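Now for the letters of each chain:
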Amino acid sequence: MSKIKIFSKGILKENAVFVMLLGLCPVLGTTTSAINGLGMGVATLFVLLLSNITISLIKNIVPDMVRIPVFIVVIASLVTVLQLLMQAYTPGLYATLGLFIPLIVVNCMILGRAEAFASKNSLVDSILDALGMGLGFTLALTILGAVREVLGSGSVFDFKFMDGDGMLVFVLAPGGFLGLGFIIAILNWIKRNKEAKAKLQAVEINTKKK
Amino acid sequence: MAKLESTLTNMLLSLGGIALVASALLGFAYQATKGPIAEANQRILENAIKLVSPSDLKESKLGDMYMLPGGKDSLACYPVMDASGKLVVTAISTYTDEGFSGRFKIMVGFAPDGTIVNTAVLSHAETPGLGDKMDKSKADWSVQFNGKNPETYKLTVTKDGGDVDAITAATISSRAFCDATDRAYTAYMKGGRHE
């Protein structure tokens, strides 16, 4: 696989949220507004990058049978350090996201990348994978947060463009499921149309050849 | 370097060693951030005290913190003096367990006669878009408490026969906010005034 492909696959083709449906707990919990989604995405990207680097470096000294406990120890330590640093140096961000930071530990996307990628690939590839996956995750959370904020509060990135309250359900938990479901449906619809078009073209070329 | 075999010794050494390094890292990070975290919390506290003091108060001195009994927990009080040393406002950090998502904490500033100067939310987990409107950064709801004396101003929502307009669709959060404010007021009037 080329380096560019390792990086780009996480953004759209294997997007952790929209395609693989991984780590949905923080996805649904934090995306009540675009800025919260972005913050959570960046925090996750940071942890994912560090965990992929660490696990790629120690992969040879970890026997297979204890690999999962080792991954969890690494991820949990990184998250705790991140939480302490945020509390100390960005108290504002900690006030809004603090509740969700420990959730990063149980984000199965991070464990998934450790298990499926970083424990088998080189350091450079693992960094690219983490950046791509992390960016895809951030993008997904920001989009979902923006959609829910627009529909639920009539604003985007705290910029109010509509008076009144909007549809309350999108701010509450069910709105997370509704929003995510519709975004996935739209993405799948676009993908299917594309595939159908590609198939049609292939058939046309084949008939011309004959 | 070949991958280590999954023998018992290898597993023990690897897992133990990594756990040891991780705990050392955590201990170091805790030590290194202890000071800055305390400072950050102190700044948040001072900021909240400033928020519940009269806005025209230019120079102020913070008196010694003292505790008052208030329900299940004690309330921390921070007297604020003006430049001449006269007590202007007492900021009381109060709480409620009646919130929609458990306990939340607010700061209420009382003038010496018990009039509410201002309120500020310290920490909460109320529903975003509904209950969190009690926070001044989200909505102007809590402004209605300013300048009211709970002696004549009934600290319950209108639905319960009081004088407080509840947040639309967030009556529980509004009731809880009143509960916290009332707890601070009751404690303060029971001889909690320190000059």
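Remember, it's a predicted structure, so these values are computed and weren't measured experimentally.

Student: When you look at the overall build of chain B in this model, what are you seeing that I'm missing?
Tutor: Along its length, chain B carries two helices and six strands. For chain B, the sequential pattern of α-helices and β-strands runs α-β-β-β-β-β-β-α. Against the compact-globule benchmark of 16 Å for 195 residues, chain B has a radius of gyration of 23 Å, which places it well outside the compact range. Each of the three principal axes of chain B carries a C-alpha extent, and together these read 80 × 45 × 30 Å. The 195 residues of chain B split such that 35% are buried. In chain B, the proportion of contacts linking residues at least 24 apart, taken out of those at least 6 apart, comes to 49%.

Student: In this structure, what is going on with the interface of chain B and chain A? I would like to understand it.
Tutor: A common way to report how large an interface is uses the accessible area buried once the components associate. Counting residues at the interface gives 26 residues for chain B, matched by 28 residues for chain A. Of the residues belonging to the side of chain B that touches chain A, the class tally is 18 nonpolar, six polar and two charged.

Student: In this structure, what is going on with the packing of helix H3 (residues 34-58) of chain A against helix H4 (residues 67-89) of chain A? I would like to understand it.
Tutor: Relative orientation and spacing of two packed helices are given, respectively, by the angle between their axes and the distance between those axes. Residue and element names in this part refer to chain A. Two numbers describe how H3 lies on H4: the axes approach to 10 Å, and their chain directions differ by 140 degrees. Classified by the angle their axes make, H3 and H4 are oblique. Considering only the axes of H3 and H4, their crossing is right-handed. Facing Ala43, Phe46, Val47, Leu50, Ser51, Thr54 and Ile55 of H3, the residues of H4 in contact are Phe71, Val74, Ile75, Leu78, Val79 and Leu82. Broken down by class, the residue content of the contact of H3 with H4 amounts to 11 nonpolar, two polar and no charged.

Student: Would you explain the pairing of strand S2 (residues 66-70) of chain B in this entry?
Tutor: It is a general feature of regular strands that their side chains alternate between the two faces of the sheet. All names here are of chain B. Relative to strand S3 (residues 73-82), S2 runs antiparallel, the two being bridged by five bridges. The residue of S3 that forms the bridge with glycine 70 is aspartate 73. In this structure, the hairpin formed by S2 and S3 is closed by a connection of two residues, where glycine 71 is found at a positive phi of approximately 65 degrees.

Student: Teacher, can you tell me more about unusual backbone geometry here?
Tutor: Most peptide bonds take the trans form, and the phi angle of most residues other than glycine is negative. In this structure, leucine 21 of chain A takes a positive phi of about 50 degrees despite not being glycine. On the basis of neighbour counts, which here come to 14 C-beta atoms within 10 Å, the residue leucine 21 of chain A falls in the partly exposed class. The residue alanine 169 of chain B is not glycine, and still its phi comes out positive at about 65 degrees. Along the chain, the position of alanine 169 of chain B falls in the loop between strand S6 (116-123) and helix H2 (171-189).

Student: Would you take a moment to explain the nonpolar core for this structure?
Tutor: Ranked by size, the top nonpolar core spans 44 residues in total, and within it Val47, Phe71, Ile75, Ile110 and Phe137 of chain A carry the most contacts. Of all the secondary structure elements, the ones that give two or more residues to this core are helix H2 (24-30), H3, H4, helix H5 (91-97), helix H6 (108-118) and helix H7 (123-153) of chain A together with helix H1 (8-51) of chain B. Element by element, the count of residues in this core is highest for H4 of chain A, at 10 residues. Excluding its chain neighbours within four sequence positions, the residues that come into contact with phenylalanine 71 of chain A are Ile55, Leu111, Ala114 and Glu115 of chain A. Formed by 38 residues, the second largest nonpolar core is a distinct cluster that contains Ala48, Phe110, Leu130 and Phe177 of chain B.

Student: Would you take a moment to explain H1 of chain B for this structure?
Tutor: In this model, H1 of chain B (44 residues) spans 60 Å end to end at C-alpha, consistent with the 64 Å of a helix rising 1.5 Å per residue. A maximum bend of about 40 degrees is found in H1 of chain B at lysine 34 of chain B, where proline proline 36 of chain B lies one to four positions downstream. By the burial criterion, the buried members of H1 of chain B are Met11, Ser14, Ile18, Ala48 and Ile49 of chain B. Its buried side turned inward, H1 of chain B meets H3 and H4 of chain A together with S3, strand S4 (87-96), strand S5 (104-110) and S6 of chain B.

Student: Teacher, can you tell me more about the environment of proline 69 of chain B here?
Tutor: Residues and elements named next belong to chain B. Counting through the fold element by element, proline 69 comes out in strand S2. C-beta crowding within 10 Å serves as the criterion here: with 11 such atoms nearby, proline 69 is assigned to the exposed category. Beyond its immediate chain neighbours, meaning those up to four positions away, proline 69 contacts Ser74 and Ala187.

Conventions adopted
The residue numbers shown here count from 1 along each chain, following its written sequence. Lettering for chains starts from A, numbering for ligands starts from 1, and both go in the order in which the items are written. The predicted nature of this model means local features are confined to residues of pLDDT at least 70 and side-chain atom pairs, given and counted, to a pLDDT of 80 or more, with totals for whole chains, interfaces and linings taken over all residues. Secondary structure elements are taken from DSSP: a helix is a run of H or I of four residues or more, a strand is a run of E of two residues or more, and numbering for both begins at the N terminus. For the radius of gyration, the atom set is restricted to C-alpha positions; the globular benchmark scales as 2.2 Å times the number of residues to the power 0.38. Put simply, a residue is buried when 20 or more other C-beta atoms lie within 10 Å of its own C-beta and exposed when 12 or fewer do; between those, it is partly exposed, and each C-beta is set from the backbone. C-beta atoms are placed from the backbone for every residue, and two residues are taken to be in contact when these atoms lie within 7 Å. Polar here means any residue other than Ala, Val, Leu, Ile, Met, Phe, Trp, Tyr, Cys and Pro, which are nonpolar, and Asp, Glu, Lys and Arg, which are charged; Gly is therefore polar. Axis lines are fitted to C-alpha atoms, over the contacting stretch for helices. Their N-to-C directions set the angle, which ranges from 0 to 180 degrees. Angles are sorted into four bins: roughly parallel if under 35 degrees, roughly antiparallel if over 145, roughly perpendicular if 65 to 115, and oblique for all others. Less than a right angle of anticlockwise turn of the near helix away from the far helix marks a crossing as left-handed, whereas a clockwise turn marks it as right-handed. A strand pair is defined by DSSP finding two or more bridges across the two strands. Think of a nonpolar core as buried Ala, Val, Leu, Ile, Met, Phe, Trp, Tyr and Cys residues, each tied to the set through C-beta atoms within 7 Å. The span you would expect from a helix comes to 1.5 Å times its residue count less one. A residue's bend is the angle separating two fitted axes: one through the seven residues that end there, the other through the seven that start there.

Nothing here speaks to function; it is all geometry.
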